[in-house]
Amino acid sequence: GDFFIQRCTRKVGDVESLAFIGIIGAIMILPFAIKDFNLFSTYNLLLLLIISIVTFIAALLDFEALKKGKLSIIDCIIELELPVTIVLGFVFFKETLSLLQFLIISSVFIGIILVATKSFSHWKTRLEKGVLLAFFAAISMALVNFLMTKSTRQISPSITILGVWVITAVFALFFVWEREGFKKLIKNGIKFKWVILAMGIFDTLAWLFYILATLKNEISITTAITESFPAIALFLGVWINKEKIKWYQWLGAGIALAASISLAFFV
C-alpha cells in the first residue's frame with residue numbers, strides 16, 4: 001500500500017491520492033456494509049467523524065513524508081506508531097506491558113534512530129528528508145489505530161471503514177475543489193488509473209485486515225505483528241526505486257524489524 005501511495009502522491013498529489021483512496025475503498029466496502037446500516041446512530045456518526053478528521057491529518061502527514069523521503073526510511077520511522085499504540089491500548093483498553101516488552105520496544109527506538117539519521121555529524125540538520133513528517137504521522141497513525149479499534153468493537157468493521165473512507169473522501173474532494181477544481185483530478189485519474197486503483201485496493205485491504213484482527217485480539221499484539229511491513233517496503237524501495245541507504249541504516253532497519261517481530265511473539 002505505501003509503495004503505491006508513494007508513487008501516486010508523486011504523480012497526482014497528497015490530497016488527491018487521499019480522495020481516490022476514499023472513493024475506491026468506499027466502493028469496495030459498500031456491498032459488505034449494507035447489512036449493518038441499522039447500526040448508524042448520532043453517537044456512532046460523531047465517532048466516525050472524529051476518526052475521519054484524525055485519519056485525514058495522519059494520512060496527509062504520511063503521504064507528504066512518503067512523497068519527500070525514501071520509502072525504505074519513512075516506513076521504518078512510521079514504526080513509532082507501535083509503542084504509542086501499545087500505550088493507548090494499555091491506558092484505554094487495560095492491556096498490560098511486561099518488562100521484556102518494554103525492553104523490546106526500546107530496541108525499536110534504537111533502530112528507528114539509526115534509520116532516521118542521514119549523518120552523525122551535525123545530527124540535528126542531517127536527518128533524512130521527510131523524517132520529521134513521518135514522526136508526526138506515526139503519532140497520528142497510532143491515534144487512528146486506537147480509534148479504528150474502538151469503532152470496530154463498538155460498531156462494525158465494514159461500517160467503520162465505509163464511514164471513515166466516505167467522510168475522508170469528502171474532506172479531500174472539498175480541498176481539491178477549493179484549490180483547483182475537479183478537471184485536473186479527473187484527468188490524472190484516467191492517466192494514472194492503474195497506480196491509483198492498486199493504491200486504493202491495497203490500502204483498503206490493509207486497513208480491513210488490521211481492524212478485523214483487532215476485533216478479537218489485543219491492539220498491542222496486532223500492531224506489533226503488522227510492524228513487519230517495513231521489510232517489504234525497504235526491499236521495494238531499494239530494489240525498484242533504487243534508493244541508497246547506508247550500512248547503519250540497514251542495521252537500524254534490521255534492529256527495528258527484529259524487535260517488532262519479537263514483540264509479536266512475546267506480547
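Residues numbered from 1 in each chain as written. Predicted model: local features only at pLDDT ≥ 70, side-chain atom pairs only at ≥ 80, totals over all residues. Heavy atoms only, no water.

Q: What is the right way to read the overall build of the protein from this model?
A: Summing up its helical and strand segments, the protein has 13 helices and zero strands in all. Here the protein has a C-alpha radius of gyration of 18 Å; the compact-globule value for 267 residues is 18 Å, and the two agree. Judged by the C-alpha coordinates and their principal axes, the protein covers about 50 × 45 × 25 Å. Counting every position in the protein, which comprises 267 residues, the buried fraction comes to 52%. Look at the contacts in the protein between residues 6 or more apart in sequence, and 87% of them connect residues 24 or more apart. Here the protein has roughly 13,000 Å² of accessible surface; of this, 74% comes from carbon and sulfur atoms. Positive and negative side-chain charges in the protein, numbering 24 and 17 respectively, have mean positions lying 8 Å apart. (Helix = DSSP H or I, 4+ residues; strand = E, 2+ residues; numbered from the N terminus. Rg over C-alpha atoms; globule rule 2.2 N^0.38 Å. Buried < 20%, exposed > 50% of the residue type's maximum accessible area, 1.4 Å probe, protein only. Contact = heavy atoms within 4.5 Å. Areas by Shrake-Rupley, 256 points an atom, 1.4 Å probe, with all protein chains shown as cover. Lys, Arg positive; Asp, Glu negative; His and termini not counted. Charge placed at Lys NZ, Arg CZ, Asp CG, Glu CD.)

Q: Looking at this structure, I do not really get helix α5 (residues 81-92). What am I missing?
A: Along an α-helix, a turn takes 3.6 residues, which lines up residues three or four apart on a common side. Over its twelve residues, α5 extends 16 Å from the first C-alpha to the last, a length consistent with the 16 Å expected when each residue adds 1.5 Å. Every buried residue of α5 is listed here: E81, L82, P83, T85, I86, L88 and G89. With its phi angle positive at about 60°, K94 sits one or two positions after the end of α5. (Expected span 1.5 Å × (residues − 1).)

Q: What is the right way to read the packing of α5 against helix α11 (residues 219-226) from this model?
A: Helix packing for two helices is described by the angle between their axes and how far apart those axes are. Interaxial distance between α5 and α11 falls to 9 Å at its minimum, and their mutual angle equals 170°. Here α5 lies roughly antiparallel to α11, going by the angle between them. Side by side, α5 and α11 meet where L82, T85, I86 and G89 of the first sit next to I219, S220, T223 and A224 of the second. In the contact of α5 with α11, the residues fall into four nonpolar, four polar and no charged. (Axes fitted to C-alpha atoms, helices over the stretch in contact; angles between N-to-C directions. Parallel < 35°, antiparallel > 145°, perpendicular 65-115°, else oblique. Nonpolar A, V, L, I, M, F, W, Y, C, P; charged D, E, K, R; others polar.)

Q: I keep staring at the side chain of D36 and nothing clicks. Help me out?
A: Considering the arrangement of structural elements, one finds D36 in the loop between α2 (14-33) and α3 (42-68). Given the relative accessible area of 13%, D36 is considered buried. A distance of 3.4 Å separates the side chain of D36 from the side chain of S156, its partner in a polar contact. Side-chain polar atoms of D36 contact the side chain of S158, separated by 3.1 Å. (Polar contact = N/O pair within 3.5 Å; in protein donor to acceptor, adjacent residues only side chain to side chain.)

Q: Which parts of the structure should I look at to understand α2?
A: For α2, with 20 residues, the first-to-last C-alpha span of 27 Å sits near the 28 Å given by 1.5 Å per residue. At I27, α2 shows its largest bend, some 30°, and a proline, P31, comes one to four positions later. Within α2, 14 of the 20 residues are buried, leaving the element largely enclosed by the surrounding structure. (Bend = angle between axes of the 7 residues up to and from the residue.)

Q: Teacher, can you tell me more about the environment of S41 here?
A: Structurally, S41 can be placed in the loop between α2 and α3. In this structure, the C-alpha to C-alpha distance between S41 and K193, residues 152 residues apart in sequence, is 35 Å.

Q: I'm lost on unusual backbone geometry in this one. Help?
A: Phi is mostly negative for residues that are not glycine, and the peptide bonds are mostly trans. Look at K94: it is not a glycine, yet its phi comes out positive at around 60°. Residue placement: K94 occurs in the loop between α5 and α6 (99-116). The class for K94 is exposed, based on a relative accessible area of 67%.

Q: Is there a simple way to think about a nonpolar patch on the surface in this case?
A: A cluster of nonpolar side chains, V87, F90, V91, F92, L97, L99, F102 and L103, forms an exposed patch at the surface whose accessible area comes to about 790 Å². If you list the elements that add at least two residues to the nonpolar patch, you get α5 and α6. Along the chain, L97 falls in the loop between α5 and α6. (Patch = residues over 30% accessible without salt bridge, like charges linked within 9 Å, V, L, I, M, F, W, Y side chains within 5 Å. Salt bridge = Lys/Arg side-chain N within 4 Å of Asp/Glu carboxyl O.)

Q: Whenever I open this one, the packing of aromatic side chains confuses me. Can you help?
A: In this description, an aromatic ring pair is defined by two values, namely the gap between the centres and the angle between the planes. Counted under the stated rule, the structure contains eleven aromatic pairs. Seen in terms of ring centroids, F56 and F175 are 5.5 Å apart; in terms of plane orientation they differ by 25°. Their pairing is stacked. Residue F56 is found in helix α3, and its partner F175 is found in helix α8 (residues 157-179); the two are separated by 119 residues along the sequence. Classification of F175 as partly exposed rests on a relative accessible area of 45%. A centroid spacing of 4.9 Å and a plane angle of 40° characterise the contact between F92 and F146, whose relative ring orientation is tilted. Of this pair, F92 sits in helix α5 while F146 sits in helix α7 (residues 131-154), and the two are 54 residues apart along the sequence. For F146, a relative accessible area of 8% puts it in the buried group. The residue whose ring lies beneath R153 is F93, and the NZ or CZ to ring-centre distance is 4.7 Å. (Phe/Tyr/Trp six-rings, centres within 6.5 Å; stacked < 30°, edge-to-face > 60°. Lys NZ or Arg CZ within 6 Å of the ring centre and 35° of its normal.)

Q: Just checking my understanding: could you explain the environment of I77 for this structure?
A: Mapped onto the secondary structure, I77 falls in helix α4 (residues 71-77). In this structure the C-alpha to C-alpha distance between I77 and V87, which are ten residues apart in sequence, comes to 17 Å.

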